[in-house]
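Understanding the architecture of this molecule
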Amino acid sequence: MSNIYMDSSATTPTDPKVIEAMKPYFSEIYGNPSSFHSYGRDAKKAIMEARDNLADLIGAKSKEIVFTSGGTEADNYAIKGVAEALKDTGNHIITSAIEHHAVLHACEYLEKKRGFEVTYLPVDETGMINLADLEDEIREDTILITIMTANNEVGTIQPIAEIGEIAAENEITFHTDAVQAVGNIPVDVQELKADLLSLSAHKFNGPKGIGALYIKQGTKINKFMHGGAQERNRRATTENVPGIVGLGKAAEIAKKELPAKIKRIKSLRDKLIEGIQERIDEVQLNGHRKKRLPNNVNFSLKYIEGESILMKLDMEGIAASSGSACTSGSLDPSHVLLAMGLSHGVAHGSLRLSLGKYNTEEEVDKVLEVLPGVVESLRAMSPIYEQK
Ligand code: PLP
């Protein structure tokens, strides 16, 4: 049976070169980076190198990087840390309706438990926010704008540099969740005019459980954890040295591979999109056709359930997703697709195929061969398809 992994937006396999780079930090180089002896110094040096490599990937200064346990922590730290630091100057936050739950739930917490007011910007049918809406919502007391760089379900890329410009003009702190963008498209914090940016290693062939928050020098933000002086006093706890080394290596590789990766993956993506549109009727591409992550394909396959498509594909050896891995297990349709105006029924029949650097053209051909039959067999059993 074939074994095809097309769920790279959920996570990616760790690059063997990353694993090799990490290995010594589990065994011979085990010192605590805060220790004065050579064991500690070797670990500290590795962290410094990783920080430099990551800073280089996103156009930041090394001292502007704080390592976190992943994208969720980076989002929580950015949003809660800025809100708490600036609460005496205002209590209004602007975000969008299609953010990852790491952002949405952090905002909801601030709204329900900490007395902040949050505006959730709507999106159009392609998943794009409207800059005029953003400008209209800015108030005297707006302290933070948090809008994702690229959406994890439908791949739509927001006009981040323009949002950054608007935020800067209004002297509002701007955070972007770039977890799906870093390693998939060029991300430069200067160009994006971001004050804070979240990223996560496991989305670009690094290990799980490690990420980072870029914090522009001078940005007002509270400490994330109290304790030791690690991460410039911002996040106490002994550093996850192997994880940090893995993130640094993944960043170094991503920088080298990115231009060729984008070109290759984009052509596979377009082959998948066009192939599905040609072979299956009553499908709807979700997300923006052009301003889209090079690795994202998301379709609503009308009259069938996303979960049943996934099960059938799994039986064929194809691993895909109906949207966000974090919401699977709940029967609610995707908040992203609903915000884009899809009906509950159409949103339920969504299929996300997300590509990574190890996918091949043969795998795309295989998916295009198998998927029409899967859809046909499910529609044959669907009472709503019969009644249409
Ligand atoms: N933000 C976005 C856009 C994501 O896609 C994800 C993961 O799917 C996260 C945040 C959370 O990242 P992590 O799994 O590293 O906590």
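Predicted model, so just to flag it, every value in this text is computed and none were measured.

Here we take up the sheet that holds strand β4 (residues 117–121). A sheet is described by the order of its strands in space; here seven strands give the open sequence β2-β8-β7-β6-β5-β3-β4, paired in mixed fashion. Each of the sheet's edge strands pairs with one partner strand only, and the pair in question is β2 (65–68) and β4. Strand-to-strand twist across the sheet, computed as the mean angle between neighbouring axes with direction ignored, equals 20 degrees. Pairing between strand β3 (residues 92–96) and β4: five bridges, direction parallel. Paired with I94 across the bridge in β4 is T119.

Attention now goes to the environment of K80. Looking at the secondary structure, you find K80 in helix α3 (residues 71–86). K80 gets classed as partly exposed once you look at its relative accessible area, which sits at 29%. Spatially, the C-alpha atoms of K80 and L197 are 14 Å apart, while their sequence positions differ by 117 residues. Once you skip the residues sitting within four places of it in the chain, K80 turns out to touch A106, Y109 and L110.

Near the ligand there are 13 residues, and of these T72, D177, Q180, S200 and K203 occur at the shortest range. A distance of 2.6 Å separates an oxygen atom of the ligand from a polar side-chain atom of T72. In the model, an oxygen atom of the ligand is placed 2.6 Å from a nitrogen or oxygen of the S200 side chain. Taken by itself the ligand offers 390 Å² of open surface, and the protein chains cover 87% of this. With three residues, α3 is the largest single contributor of residues to the shell around the ligand.

Criteria and cut-off values
Residues numbered from 1 in each chain as written. Predicted model: local features only at pLDDT ≥ 70, side-chain atom pairs only at ≥ 80, totals over all residues. Heavy atoms only, no water. Pairing = 2+ DSSP bridges. Helix = DSSP H or I, 4+ residues; strand = E, 2+ residues; numbered from the N terminus. Axes fitted to C-alpha atoms, helices over the stretch in contact; angles between N-to-C directions. Buried < 20%, exposed > 50% of the residue type's maximum accessible area, 1.4 Å probe, protein only. Contact = heavy atoms within 4.5 Å. Near = heavy atom within 4 Å. Polar contact = N/O pair within 3.5 Å; in protein donor to acceptor, adjacent residues only side chain to side chain. Areas by Shrake-Rupley, 256 points an atom, 1.4 Å probe, with all protein chains shown as cover.

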